[in-house]
Amino acid sequence: MTVDDTGSGAGAQRGPDGGPAHPAGPAGPDASAIPDVDDEKADGESTKNPLALQLEQLILGADRRYTPFQAARSAGVSMELASRFWRAMGFPDIGQAKALTEADVLALRRLAGLVEAGLLSEAMAVQVARSTGQTTARLAEWQIDSFLEGLTEPPEPGMTRTEVTYPLIELLLPELEEFLVYVWRRQLAAATGRVVQAADDEEMVDRRLAVGFADLVGFTRLTRRMEEEELGELVEAFETTAADLVAAHGGRLIKTLGDEVLYAADDAGVAAEIALRLIETMANDETMPELRVGIAFGTVTTRMGDVFGTTVNLASRLTSIAPRDAVLVDGAFAEELTRTGDAPASEAQAAEAAAAAEKEGEEPPSYRFALQPMWQRPVRGLGIVEPWLLARRT
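Starting from 1, residues in each chain are numbered consecutively following that chain's sequence as written. Owing to the predicted nature of the model, reporting of local features is limited to residues with pLDDT of at least 70; listing and counting of side-chain atom pairs is limited to 80 or more, with chain, interface and lining totals taken over all residues. Water and hydrogen atoms play no part in the side-chain values, which are based on all heavy atoms of the structure.

Peer 1: Go over the overall build of the protein chain with me, naming the residues and quoting the values.
Peer 2: Secondary structure elements are taken from DSSP: a helix is a run of H or I of four residues or more, a strand is a run of E of two residues or more, and numbering for both begins at the N terminus. In terms of regular secondary structure, the protein chain is built from 13 helices and 10 strands. Relative accessibility under 20% of the residue-type maximum defines a buried residue, over 50% an exposed one, and the middle range a partly exposed one, all with a 1.4 Å probe and only protein chains included. For the protein chain, the proportion of its 394 residues judged to be buried stands at 37%.

Quick look at the structure:
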């Protein structure tokens, strides 16, 4: 939870009437001069469900002890910096309600300590707070909406959800916490391994990747015809299938947008395999709409787990013009597949290579993919592009 950002330096604070507090000497306001706000009256807490308060204490593992100003002072940071950190983590302003715990103080102290030690700049510490907050907020929402909601259905008639929720969370909390840390460490190890393999320092930030968009065809029309529950099930099935295929074949799921997924891969052959697997898998499922995929290869800027740049924009544009149940790629991607030996530059070249190998008594080259040049066309914001149709080579 965060605070009202009321000043530009350490100890900036609002008084009881909402105006600026008067400093008590060079060290700032005296703590004894700041009235403790009754958290039963502050910020509407008196109307909060008692179970919600009990669950909050169970999950946080500590009692509410501090106002935001008291927490910032205990952590040894300015109110301005504390406010920046809390807002970056996605917590709302709470005025001066006594709603913060020792864990909030420790989190502030740790972030500020990383800055003081020179391990992170202040801007980077805020970015760490923001990326962590955004990621875990989505995870928490998903777990409550899709997981705990189903598990807390009363097992017997006469029992209330309230009677089930608390003991269930009490049992689940340590297990989910351990699992979260395990997955995070695994993902951190994989991401670190990819980065340190970069050729130079610049490539660590702006890397050459294959970026693919997969888009369900006619999704807008489906939203008008299907019930909300059916639509939700379809989107979940699509996202789950896409996520599994991307992970299984060595790609990385960047994000899902309901009817669209964005993924990336270091290797063009991996990105091509994922795209074709997606098309084939969805085509074999009668409940799924048709799919189209666009892939581009080039320099990509990565920030907070997302990808940006011309390569990403080109992949998106290729998806919008791709035929149904087909994959369109850009020229750079086609060249990369050719360079790595995953696809011939043309069928004529493949035939020549096969004839030469046969003449020498050798095995002909084994190509996984075929590329067919399509008509050049203008693409909004990117000029003239020549897309290639990607297919499996039989």
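Peer 1: Break down the packing of aromatic side chains for me, citing the residues and quoting the values.
Peer 2: Two rings from Phe, Tyr or Trp (for Trp, the six-membered ring) form a pair when their centres sit within 6.5 Å of each other. Planes less than 30 degrees apart are called stacked, planes more than 60 degrees apart edge-to-face, and all others tilted. For the coordinates displayed, the defined rule picks out 1 aromatic pair. Their ring planes at 40 degrees and their centres at 6.0 Å tell us that Phe179 and Tyr182 sit as a pair that is tilted. With Phe179 and Tyr182 both in helix α6 (residues 161-196), this residue pair falls 3 residues apart, about one helical turn. By relative accessible area, Tyr182 is classed as partly exposed at 47%.

Peer 1: Run through the pairing of strand β10 (residues 388-392), naming residues and quoting values.
Peer 2: Strand pairing requires that DSSP identify at least two bridges connecting the strands. Relative to β10, strand β6 (residues 326-329) runs antiparallel, the two sharing 3 bridges. Across the sheet, Val329 pairs through a bridge with Trp388, a residue of β10. Relative to β10, strand β7 (residues 369-373) runs antiparallel, the two sharing 5 bridges. Opposite Leu371, over in β10, you have Leu390 as the bridge partner.

Peer 1: I'd like to hear about the pattern of salt bridges, residue by residue, with values.
Peer 2: Basic side-chain nitrogens of Lys or Arg form a salt bridge, by our definition, when they fall within 4 Å of a carboxyl oxygen of Asp or Glu. For the coordinates displayed, the defined rule picks out 15 salt bridges. The shortest N-O distance in the salt bridge between Glu122 and Arg84 comes to 2.6 Å. A residue pair is termed long-range when its members are at least 10 positions apart, and Glu122 in helix α5 (residues 122-151) and Arg84 in helix α3 (residues 79-88) qualify at 38 residues. Linked through salt bridges whose partners overlap, the residues forming this network are Glu273, Arg277, Glu280, Asp342, Arg368 and Arg392.

Peer 1: If you had to explain unusual backbone geometry to someone new, which residues and values would you point to?
Peer 2: Here the phi dihedral of Asp325 falls at roughly 50 degrees; this positive angle occurs in a residue that is not glycine. Relative to the elements of secondary structure, Asp325 occurs in the loop between α11 (310-321) and β6.

Peer 1: Now, about the packing of α3 against helix α4 (residues 102-116): what can you tell me, with residues and values included?
Peer 2: At their nearest, the axes of α3 and α4 sit 11 Å apart, and the two run at 105 degrees to each other. As the angle between them shows, α3 and α4 are arranged roughly perpendicular. Across from Ala82, Phe85 and Trp86 in α3, the residues of α4 making contact are Asp104, Leu108, Leu111 and Ala112. To get an axis, fit a line to the C-alpha atoms, keeping to the stretch in contact for a helix; angles then go from 0 to 180 degrees between the N-to-C directions. Roughly parallel covers angles under 35 degrees, roughly antiparallel covers those over 145, roughly perpendicular covers 65 to 115, and oblique covers all other angles. Contact between two residues is taken to exist if any of their heavy atoms lie within 4.5 Å; hydrogens are not considered.

Peer 1: Provide a residue-level description of the packing of helix α2 (residues 68-75) against α3, including the pertinent values.
Peer 2: The interhelical angle for the contact between α2 and α3, taken along N-to-C directions, is 105 degrees, at an axis separation of 9 Å. Between α2 and α3, the interaxial angle falls into the category roughly perpendicular. Counting all contacts with α2, which are made through Pro68, Phe69, Ala71 and Ala72, the residues of α3 involved are Met79, Ala82 and Trp86. For the contact of α2 with α3, a count of residues per class yields 7 nonpolar, no polar and no charged. When residues are sorted by character, Ala, Val, Leu, Ile, Met, Phe, Trp, Tyr, Cys and Pro go into the nonpolar class, Asp, Glu, Lys and Arg into the charged class, and all the rest, Gly among them, into the polar class.

Peer 1: How would you sum up a negative patch on the surface? Please name residues and give values.
Peer 2: Patch criteria: residues need more than 30% relative accessible area and no salt bridge. Like-charged residues are merged within 9 Å; nonpolar side chains of Val, Leu, Ile, Met, Phe, Trp and Tyr are merged within 5 Å. Every accessible area reported is derived by Shrake-Rupley at a probe size of 1.4 Å, with residue values counting cover from the shown protein chains alone. We treat Lys and Arg as the positive residues and Asp and Glu as the negative residues; His and chain ends play no part in the count. Where a charge sits is defined by one atom per residue type, namely NZ (Lys), CZ (Arg), CG (Asp) or CD (Glu). On the surface, Glu227, Glu228, Glu229, Glu230, Glu233 and Glu236 cluster together to form a negatively charged patch. With respect to the element layout, Glu233 can be found in helix α9 (residues 228-248).

Peer 1: Describe a nonpolar patch on the surface, with residues and values.
Peer 2: A cluster of nonpolar side chains, contributed by Val181, Trp184 and Leu188, occupies part of the molecular surface with about 290 Å² of accessible area. Mapping Leu188 onto the fold places it in helix α6. Residue classification places Leu188 among the partly exposed residues on the basis of a relative accessible area of 41%.

Peer 1: Would you mind going over the nonpolar core in detail, with residue names and values included?
Peer 2: The tendency in soluble globular proteins is for nonpolar side chains to be buried side by side. In these notes, a set of buried Ala, Val, Leu, Ile, Met, Phe, Trp, Tyr and Cys residues joined through side-chain atoms within 4.5 Å is what counts as a nonpolar core. Counting residues in each nonpolar core, the largest one holds 39 residues, and the members touching the most others are Ile295 and Phe333. Looking at this core, the element that brings in the most residues is helix α10 (residues 268-283), giving 9 residues. Counting 23 residues, the second-largest nonpolar core is a separate cluster that includes Ala75, Phe85, Ile94 and Leu111.

Peer 1: Hey, could you go over α4 for me, with residue numbers and the actual values?
Peer 2: In this scheme, a helix's expected span is set at 1.5 Å multiplied by one less than its residue total. In this model, α4 (15 residues) spans 21 Å end to end at C-alpha, consistent with the 21 Å of a helix rising 1.5 Å per residue. Those residues of α4 that sit buried are Asp104, Val105, Leu108, Leu111 and Ala112. Burial along α4 is one-sided: seen end-on, the buried residues are contained in an arc of 135 degrees. Between the side-chain oxygen of the N-cap and the backbone nitrogen of Ala103 there are 3.2 Å, and the N-cap of α4 in question is Thr101. What the arc covers is the set of directions going from the helix axis to the C-beta atoms. Whenever two N or O atoms come within 3.5 Å, that pair is a polar contact, provided that in protein one can donate a hydrogen and the other can accept it, and provided that, for residues adjacent in sequence, both atoms are side-chain atoms.

Peer 1: Talk me through the environment of Glu280; I want residue IDs and the actual numbers.
Peer 2: With respect to the helices, strands and loops of the structure, Glu280 is situated in helix α10. Measuring from C-alpha to C-alpha, the distance between Glu280 and Ala326 comes to 9.7 Å, with 46 residues separating the pair along the chain.

Peer 1: Before we move on, can you summarise the pairing of β6 with the specific residues and values?
Peer 2: Regular strands place side chains that alternate from one sheet face to the opposite one. Going residue by residue along β6, you find Ala326 and Leu328 tucked away on one face and Val327 and Val329 tucked away on the opposite face as well. The pairing of strand β4 (residues 291-303) with β6 spans 4 bridges and is classified as parallel. Within β6, the residue paired with Arg292 across the bridge is Ala326.

Peer 1: Give me helix α13 (residues 347-359): which residues, what numbers.
Peer 2: For α13, spanning 13 residues, the distance from its first C-alpha to its last is 18 Å, which sits close to the expected 18 Å at 1.5 Å a residue. Of the residues one or two after α13, Gly361 is the one with positive phi, at around 75 degrees.

Peer 1: I'd like to hear about the side chain of Glu260, residue by residue, with values.
Peer 2: Here Glu260 shows up in strand β3 (residues 260-265). Look at Glu260: it is buried, it has no salt bridge, and the nearest opposite charge is Arg292 at 7.4 Å.

Peer 1: How would you explain the environment of Met226 if you had to name every residue and give the values?
Peer 2: Position of Met226 among the secondary structure elements: in the loop between α8 (219-225) and α9. Ignoring anything within four residues of it in the chain, the contact list for Met226 reads Leu231 and Leu234.

Peer 1: Pulling in residues and values, what's your account of the confidence of the model for the protein chain?
Peer 2: A residue's pLDDT is simply how confident the predictor is in it, with values from 0 to 100. For the protein chain, mean pLDDT is 81; residues scoring 70 or higher make up 82% of the total. Of all secondary-structure elements in the protein chain, the lowest mean pLDDT belongs to helix α7 (residues 201-205), at 52, while β6 reaches the highest, 96.

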